[in-house]
Amino acid sequence: MNINMQELYQAALKASANAYAPYSNFRVGAALLAEDGAVISGCNVENRSYGLTICAERNAVVSGVNQGYRSFVALAIATPDSKDPVGPCGACRQVLSEFMESDAPVHFKGAGPEHMDTTIGTLYPFDSLHDLSKSTM
Ligand code: THU
């Protein structure tokens, strides 16, 4: 499969415009690529209780699963309110690893010129329980 990470990043950037982030003023957009070419995006949704905030990455995963997907082959993250690229938080790395293989590419970029290209396995190494998620569910 030919994966266009730039296109995926554009989808993430578009999703970041929907962010509900009145507390941090930090908008995040995430876009997941499914095996059939579908792009599923998500934005962060904050809450006045702070702790219930949902990150863009987990929003995208949950949205994709709700559409029937069980596997994603690439991820892009856009953080237009930071100059530098911002990677997924620890909780999101765990959740992403449930539905992505370790060699899946990840691209993230802020408003500045720099970007990061890496993989799920690099972001979440020693994922010893990964194969537990390969049940028939
Ligand atoms: N956030 C994400 O959506 N994804 C990340 O990977 C990092 C953090 C959100 C949570 C919160 O709404 C805001 O960014 C500031 O932490």
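Up top is the structure.
As a starting point, this report considers the structure included with it. (Residues numbered from 1 in each chain as written. Predicted model: local features only at pLDDT ≥ 70, side-chain atom pairs only at ≥ 80, totals over all residues. Heavy atoms only, no water.)

**Some words on the overall build of the protein chain**
Here comes step 1: From N to C terminus, the protein chain includes four helices and five strands.
Here comes step 2: Over its C-alpha trace the protein chain gives a radius of gyration of 14 Å, about what one expects of a compact globule, namely 14 Å for 137 residues.
Here comes step 3: Principal-axis analysis of the C-alpha atoms gives the protein chain an extent of 40 × 35 × 30 Å.
Here comes step 4: Roughly 7,700 Å² of accessible area belongs to the protein chain as shown, and the carbon and sulfur atoms make up 54% of that amount.
Here comes step 5: Side-chain charges in the protein chain split into 9 positive and 14 negative, and the spacing between the mean points of these groups amounts to 9 Å. (Helix = DSSP H or I, 4+ residues; strand = E, 2+ residues; numbered from the N terminus. Rg over C-alpha atoms; globule rule 2.2 N^0.38 Å. Areas by Shrake-Rupley, 256 points an atom, 1.4 Å probe, with all protein chains shown as cover. Lys, Arg positive; Asp, Glu negative; His and termini not counted. Charge placed at Lys NZ, Arg CZ, Asp CG, Glu CD.)

**Observations concerning the site of the ligand**
Here comes step 1: Taken together, Ser 24, Phe 26, Val 28, Asn 44, Glu 46, Thr 53, Cys 55, Ala 56, Glu 57, Gly 87, Pro 88 and Cys 89 are the residues near the ligand.
Here comes step 2: In the model, an oxygen atom of the ligand is placed 2.5 Å from a nitrogen or oxygen of the Glu 46 side chain. (Near = heavy atom within 4 Å. Polar contact = N/O pair within 3.5 Å; in protein donor to acceptor, adjacent residues only side chain to side chain.)

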